[in-house]
Amino acid sequence: MPDTPTHNSYAAAGSVRVSPVLSVIVPCFNERPNVAPMIAQLDAALGGIAWEVIYVDDNSPDGTTREVRRIAQLDSRVRCIRRIGRHGLASAVIEGALSSSADYVAVIDGDLQHDETRLPVMLNALRAGGYDIAVASRHVEGGDNAGLSSRFRHVLSDGGIWLAQAFLPVRLTDPMSGFFMLPRVLFEDLARELNGQGFKILLDLVLSSTAPLRVLEVPARFRERAAGESKMDALVMVQFAGLLLDKIFGGLLPLRFFSFALVGALGIIVHLVVLGLLRQSTTLGFETGQALATLVAMIFNFQLNNAITYRDQRLKGPRLWRGLLLFMVVCGFGAIANVGIAKVLYEQHTTWTVAGGIGAMIGVVWNYAVSATLVWRAR
Ligand code: GDD
Ligand code: MN
């Protein structure tokens, strides 16, 4: 190995401190009041372990980053990654974990809902060998779920668990858990396969591994949120279903395409309903009705794609209006291509269903491909 001498001489020359054994990754958004108490709790829980904490903040308006940096200036175990133009819990976790050089990485919420005293238990178990990943579970003996904010959340949570369990290669009683630990090298191995969208990074990890991971479930309480508010909602669940679909279809088609096509299908229903209503209750001609229905369906599709398909790069404010305008232009061309191609096929004696279907398919692919680059430009 030619680079060994350099490496050795570098290490000998001036290492300031050893790399931590454990990096605690904390994805956060608007968690400023929870930062200082959380670090104090980690400090208390992790005595005797060389640890660091890495906050990954998506440029929270409440000044979360400023608060973490303030403490980081006093304590070198505290780090902060401030992300601008990138959003989302899963991708924040990935970015934080990939910035670690420790032996183990743990992921924990930044709102004090997870019980940090479980961390040394997880670390000891992993170090003892026999397991690939330790997961805090609310659903094994000794864990509990009291902190879920509402009945609705309980239903969402139970439904998600049931759905996930049906597809999982391993037993995970709490597949939605956002609190777990694994060796850093294992994370790095799996990182390339991760989907990175939405909330469910643990599921993503488990589903991305070719060999089933050996999971240790550690019972944990889920506390009430002390300050700030939850970012989890029904849309997160839609994304979660998408993650499962994506893994089942082995990434053959991009997840976004599924979502885009599904939104498109809903748009057709909206279109027909609007057209039907207009014809029933107004004296407008067919063409005017058709034009109005198209307009409504386009706005509906744009809003839904902006909220779900492109949730992670959602357009807001003036960019929303610009996006809507562009989307309508793009879909306009899509419609022209759709009708044009269907017409040519039909004239060549294809049946109307095949001609219409192929036209529509080409329209969807066009709309998807062009709006992905023009409207929701990956920043
Ligand atoms: N960087 C970043 N970007 N962090 C985020 C984002 C984001 O877009 N959205 C949420 N977070 C952070 C929050 O600040 C918090 O630290 C953590 O991720 C969890 O978010 P919450 O909004 O508090 O989630 P929850 O309490 O509703 O959900 C918890 O329970 C779920 C299962 O029911 C979490 O533990 C989830 O991980 C878990 O899946
Ligand atoms: Mn929470």
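These notes cover the structure that comes with them. Sequence positions are assigned chain by chain, starting from 1 and proceeding in written order. For this description, chains carry letters from A and ligands carry numbers from 1, given in the order in which they are written. Given that this is a predicted model, residues contribute local features only at a pLDDT of at least 70 and side-chain atom pairs are listed and counted only at 80 or more, while totals for whole chains, interfaces and linings are drawn from all residues. Hydrogens and waters are ignored; side-chain quantities use all the structure's heavy atoms.

## Observations concerning the nonpolar core
Nonpolar side chains tend toward joint burial in soluble globular proteins.
In step 1: Joining through side-chain atoms within 4.5 Å is the link that ties buried Ala, Val, Leu, Ile, Met, Phe, Trp, Tyr and Cys residues into a set, and such a set is a nonpolar core. Only protein chains enter the area calculation, which uses a 1.4 Å probe; residues under 20% of their type maximum are buried, those over 50% are exposed, and those in between are partly exposed. Judged by nonpolar contacts, the single largest core of 34 residues is most densely connected at Leu22, Val24, Val53, Tyr55, Leu119 and Met181.
In step 2: Listed in part, the 30 residues of the second largest apolar core include Ile94, Leu182, Ile201 and Leu205.

## Quick notes on the pairing of strand E5 (residues 133-137)
In step 1: Numbered from the N terminus, helices here are DSSP runs of H or I no shorter than four residues, and strands are runs of E no shorter than two. Across the 5 residues that make up E5, a large majority, 5, are buried.
In step 2: Residues of E5 alternate between two faces, with Ile133, Val135 and Ser137 on one and Ala134 and Ala136 on the opposite face, all of them buried.
In step 3: Two strands pair if DSSP finds at least two bridges between them. Of the strand pairs in this sheet, E5 and strand E7 (residues 215-219) are connected by 5 bridges, and their pairing is parallel. The residue of E7 that forms the bridge with Ile133 is Val215.
In step 4: Judged from the 2 bridges that link them, E5 and strand E6 (residues 180-183) form a sheet pairing that is antiparallel. Residue pairing for E6: Val135 is matched across the bridge by Phe180.

## Some thoughts on the pattern of salt bridges
When the charged atoms of two side chains lie near each other, side chains of opposite charge can form a pair.
In step 1: The salt bridge criterion pairs a side-chain nitrogen of Lys or Arg with a carboxyl oxygen of Asp or Glu, the two atoms within 4 Å. Applying the stated criterion across every chain, the model contains 16 salt bridges.
In step 2: In this structure, Arg118 engages Asp115 in a salt bridge whose closest nitrogen and oxygen atoms are separated by 3.9 Å.
In step 3: A salt bridge links Asp174 to Arg138, with the nearest nitrogen and oxygen atoms 2.8 Å apart. Taken together, the positions of Asp174 in the loop between helix H6 (151-167) and E6 and Arg138 in the loop between E5 and H6 put the pair 36 residues apart, joining distant regions of the chain. Across the pair, exposure class does not vary: Asp174 and Arg138 are buried alike.
In step 4: A cluster of three or more residues bridged by salt bridges with shared partners is formed by Asp115, Glu116, Arg118, Arg221 and Arg223.

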